[in-house]
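Spelled out from the first residue to the last, the chains are:
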Amino acid sequence: MGFGMASSLLRHGHIVSGYDPAPAAIAKLASAGGTSARSPAEAVRGASIVLCVVVNSVQTEAVLFAENGVFPVMAPGSVFVSSATMAPADARRFAARLAERDILYLDAPISGGAAKAATGALTVMASGSIAAFDRAADVLDAISSKVYRLGSEPGIGASVKMINQHLAGVHIAAACEAMALASKLGLDLPTVYEVITASAGNSWMFENRVPHILEGDYRPLSSVEIFVKDLGILQDMARAERYPAPLAAAALQMYLATSGAGMGAEDDASVARTYAALSGAVLPAVKPTT
């Protein structure tokens, strides 16, 4: 998603410097017209807006505060746009630390995947000060089709993203469960897909993920491990609030089982393969990965 966002920024005329631990990603950025850097600190030196597109709060903290991190070199008044999915408490903690040097923090998780990142059509669920929004406005416009301004306090954006992940994770698991059951009942899976996508049982996740099952293509557009992480965060949040979340808990167990079976790095639709293994259902053959 980070490369797609960088590409969108370049198309809108922004000067983009970036860092990624994978050399191939840095080379790809350079070939697209961006400037490659050898560390996060080198990438952001002199920048007014810093976008951090990583997996979780641990990686965000490393980008900020580890050796060659961005915190010491960011200028007062610049904006750190944090797009990782994380617990709200982590977003508030990072914002408070950055405020010590008058660096603005925008709690701005994203949704839409790599495809929408590449076309500048992400949804941004953001919270932060008016100043942070105003200074980052041109950048947000370049990477997204919709920016939700959810409030002035960091952590609100993170909370809304977790509600989205709650629903997304449960919907994917339900779609996988339903399709494996359809197979067990001897139904024609493409026909089931056609009927459901025209019926009340449809969801965006059903419509988007079931083709992966039908094609046996589990190359990771979004991996199983993403929902092991995100539904784990959700369970921690719910427990802290003394709030029951049994549907999310059941879905989490299926992602954990799928990861434990060696499919953690594969597409999250692989949960269907776990249901098939448990039940004897036969799904379309898995295409070999290259």
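As the structure is a computational prediction, the values presented were derived from the model and not from experiment.

Trainee: I tried to follow the sheet that holds strand 4 (residues 79-82) on my own but got confused; where do I start?
Mentor: The pairing of strands in a sheet comes from backbone hydrogen bonds and takes either a parallel or an antiparallel form. Across the sheet, 3 strands lie side by side as 3-4-5; this open sheet has parallel pairing. Bordering the open sheet on either side are strand 3 (49-52) and strand 5 (104-107), each of which pairs with just one other strand. If you compare each strand with its neighbour and ignore which way they point, the axes differ by 20° on average. Across the sheet, helix 7 (residues 130-143) lies against strand 3, strand 4 and strand 5, angled at about 50° from strand 5, the strand it touches most.

Trainee: Any chance you could explain the nonpolar core here in plain terms?
Mentor: Nonpolar side chains in soluble globular proteins tend to end up buried together. In terms of nonpolar packing, the biggest core is built from 39 residues, with Cys176, Met179, Ile213, Leu231, Tyr255 and Leu283 touching the most fellow members. Among the elements of the structure, helix 8 (156-184), helix 9 (189-197), helix 10 (204-215), helix 11 (224-240), helix 12 (246-263) and helix 13 (271-279) are those that each provide at least two residues to this core. It is helix 8 that provides the largest number of residues to this core, a total of 10 residues. The contacts of Tyr255, once residues within four sequence positions are left out, are Ala168, Gly169, Ile172, Ala173, Val224, Phe227, Val228, Leu231, Asp268 and Val271. Core analysis: the next-biggest nonpolar cluster, separate from the first, contains 24 residues, Leu29, Val79, Leu140 and Ala142 among them.

Trainee: Could you clarify how one ought to interpret the UniProt feature "domain: 3-hydroxyisobutyrate dehydrogenase-like NAD-binding" (unreviewed entry) in the protein in this entry?
Mentor: When the UniProt feature table is mapped onto this chain, "domain: 3-hydroxyisobutyrate dehydrogenase-like NAD-binding" (unreviewed entry) is found at residues 155-274. Strand forms 0% of residues 155-274 and helix 74%; the C-alpha atoms that close the span are 34 Å apart.

Trainee: Mind showing me how you'd approach the layout of surface pockets here?
Mentor: The probe, sized like a water molecule, is rolled over the atoms to show the empty space still left. Space inside the second largest pocket adds up to approximately 150 Å³. In this structure, the second largest pocket is lined by Ser159, Ile163, His166, Leu234, Met237, Ala238, Glu241, Tyr243 and Ala245. Residue composition of the lining of the second largest pocket, grouped by class: 6 nonpolar, 2 polar and 1 charged.

Trainee: Mind showing me how you'd approach the packing of helix 11 against helix 12 here?
Mentor: Axes are the key here: two packed helices are described by the angle between their axes and the distance separating the axes. Two elements in contact, helix 11 and helix 12, have axes separated by 9 Å at closest approach and are oriented at 145°. Helix 12 is crossed by helix 11, and the crossing has left-handed handedness. Contacts from Val224, Glu225, Phe227, Val228, Leu231, Gly232, Leu234 and Gln235 of helix 11 reach helix 12 at Ala248, Ala249, Ala251, Leu252, Tyr255, Leu256, Thr258, Ser259 and Met263. Of the residues that constitute the contact of helix 11 with helix 12, the class distribution is 12 nonpolar, 4 polar and 1 charged.

Trainee: What am I meant to see in the UniProt feature "domain: 6-phosphogluconate dehydrogenase NADP-binding" (unreviewed entry) in the protein here?
Mentor: The feature "domain: 6-phosphogluconate dehydrogenase NADP-binding" (unreviewed entry), as given by UniProt, occupies residues 1-151 in the numbering adopted here. Taken end to end, residues 1-151 is 43% helix and 19% strand, and its first and last C-alpha atoms sit 25 Å apart.

Trainee: Honestly, the packing of aromatic side chains in this entry has me stumped. Any pointers?
Mentor: The description of an aromatic ring pair rests on the distance of the ring centres and on the angle between the ring planes. The full count for this structure, using the stated rule, is 5 aromatic pairs. Each ring, one from Phe80 and one from Tyr105, has its centre 6.0 Å from the other, and the planes form 25°; the classification is stacked. Of the two residues, Phe80 is situated in strand 4 and Tyr105 in strand 5; the sequence distance between them amounts to 25 residues. Using a relative accessible area of 5% as the deciding quantity, one classes Tyr105 as buried. An angle of 15° between the planes, with centres 6.0 Å apart, marks the rings of Tyr193 and Phe206 as stacked. Here Phe206 lies in helix 10 and Tyr193 lies in helix 9, a separation of 13 residues in the sequence. Here Tyr193 matches Phe206 in class, with each residue buried. Taken together, the aromatic side chains of Phe65, Phe71 and Phe94 make up a single cluster linked through ring pairs. Across the ring face of Phe71, the terminal group of Arg101 is positioned such that the distance to the ring centre comes to 5.4 Å.

Criteria and thresholds
- Residues numbered from 1 in each chain as written.
- Predicted model: local features only at pLDDT ≥ 70, side-chain atom pairs only at ≥ 80, totals over all residues.
- Heavy atoms only, no water.
- Pairing = 2+ DSSP bridges.
- Helix = DSSP H or I, 4+ residues; strand = E, 2+ residues; numbered from the N terminus.
- Axes fitted to C-alpha atoms, helices over the stretch in contact; angles between N-to-C directions.
- Contact = heavy atoms within 4.5 Å.
- Core = buried A, V, L, I, M, F, W, Y, C linked by side-chain atoms within 4.5 Å.
- Buried < 20%, exposed > 50% of the residue type's maximum accessible area, 1.4 Å probe, protein only.
- UniProt positions renumbered as here; feature names shortened; annotations may be inferred.
- 1 Å grid on protein atoms, 1.4 Å probe; cavity = no way out; pocket = protein on both sides within 12 Å on 5 of 7 lines; lining within 4 Å.
- Points joined across faces, edges and corners; volume = space filled by probe spheres on them.
- Nonpolar A, V, L, I, M, F, W, Y, C, P; charged D, E, K, R; others polar.
- Left-handed = near helix turned anticlockwise from the far one by under 90°.
- Phe/Tyr/Trp six-rings, centres within 6.5 Å; stacked < 30°, edge-to-face > 60°.
- Lys NZ or Arg CZ within 6 Å of the ring centre and 35° of its normal.

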